[in-house]
Amino acid sequence: MNPILAMVKAQEGKKLGAINPPFSQWLDGRLISANEGELEMEYEVREEMTNPVGILHGGIHSAIMDDLIGTSCFLLALPHVYLSVNLTVDFLGQAKIGDKVIARTILVRKGKTMINFSAEIHHAETGQLISRATSNMVNSGMQSAWAKEEK
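Calculation criteria
Within any chain, residue numbers begin from 1 and follow the written order of that chain's sequence. Two thresholds apply to this predicted model, a pLDDT of at least 70 for residue-level local features and 80 or more for giving and counting side-chain atom pairs, whereas whole-chain, interface and lining totals are computed over all residues. Only hydrogens and water are set aside when side-chain values are computed; all heavy atoms of the structure are taken into account. Any Lys or Arg side-chain nitrogen located within 4 Å of an Asp or Glu carboxyl oxygen qualifies as a salt bridge. Secondary structure elements follow DSSP: runs of H or I no shorter than four residues count as helices, runs of E no shorter than two count as strands, and numbering proceeds from the N terminus. Only protein chains enter the accessibility calculation, which uses a 1.4 Å probe; a residue is then buried when its area is under 20% of its type maximum, exposed when over 50%, and partly exposed in between. Working definition of a nonpolar core: buried Ala, Val, Leu, Ile, Met, Phe, Trp, Tyr and Cys residues. They are joined through side-chain atoms within 4.5 Å. For this analysis, residues touch if any pair of their heavy atoms sits within 4.5 Å. Here the rule is simple: two strands pair whenever DSSP picks up at least two bridges between them.

> Describe the pattern of salt bridges, and please don't skip the residues or the numbers.
In the structure shown here, the tally under the stated rule is seven salt bridges. Residue Asp28 pairs with Lys15 through a salt bridge whose shortest N-O separation is 3.0 Å. With Asp28 in the loop between helix 2 (22–27) and strand 1 (30–35) and Lys15 in the loop between helix 1 (3–9) and helix 2, the pair connects residues that are 13 residues apart, well separated along the chain. The exposure class assigned to Lys15 is partly exposed, which follows from its relative accessible area of 47%. The salt bridge partner of Lys96 is Asp99, with a shortest N-O separation of 3.5 Å. On the basis of relative accessible area, Asp99 is assigned to the buried category, the value being 13%.

So this is what it looks like as structure tokens:
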């Protein structure tokens, strides 16, 4: 197992806190599981995450899935940084303040230049699919920080 995945996997069942960048800390997810190409986290819908009618804002759906896709890509411990090319989101349900949601990512295809991921958010209590996304990540050519440390 690569050292980045091992470090994160050791946090299963916990909030990731300071090992996350600031925006991820604000989302405040609890890690359920981390495996190569797959990540699962739980989030509680807070008032500041909702739209004017009190349900999870579409931007937060998108942010959660984008954040998890980026993290899933990082957990592959690739020698180069991969950046988002696109994020296509379908909004299919809702969650309200106090609800918990489960977000999952799956690596669909890993090429030399592009990596494709899918993500879904489900209502934790009912299991209802409330949103899904796909994203392509492109190799930026920039060496990743962890690869620099390995040298």
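> I'd love a proper account of the nonpolar core, names of residues and values included.
Tyr43 and Ile115 are the most contacted members of the largest nonpolar core, which totals 35 residues. Here this core gets six residues from one element, more than from any other, and that element is helix 3 (residues 58–74). Tyr43 has contacts with Leu27, Asp28, Gly29, Ile64, Leu68, Asp99, Lys100, Val101 and Ala103, leaving out every residue within four places of it along the chain.

> I'd love a proper account of the pairing of strand 6 (residues 129–143), names of residues and values included.
In the sheet, strand 3 (residues 80–91) pairs with strand 6 via 10 bridges, with the strands oriented antiparallel. Paired with Tyr82 across the bridge in strand 6 is Asn139. In this structure, strand 5 (residues 114–123) lies alongside strand 6, joined through nine bridges in antiparallel fashion. Directly across from Ile115, in strand 6, lies its bridge partner Met137. Where strand 5 hands over to strand 6, the hairpin turn is made up of five residues, of which Gly127 adopts a positive phi near 80 degrees.

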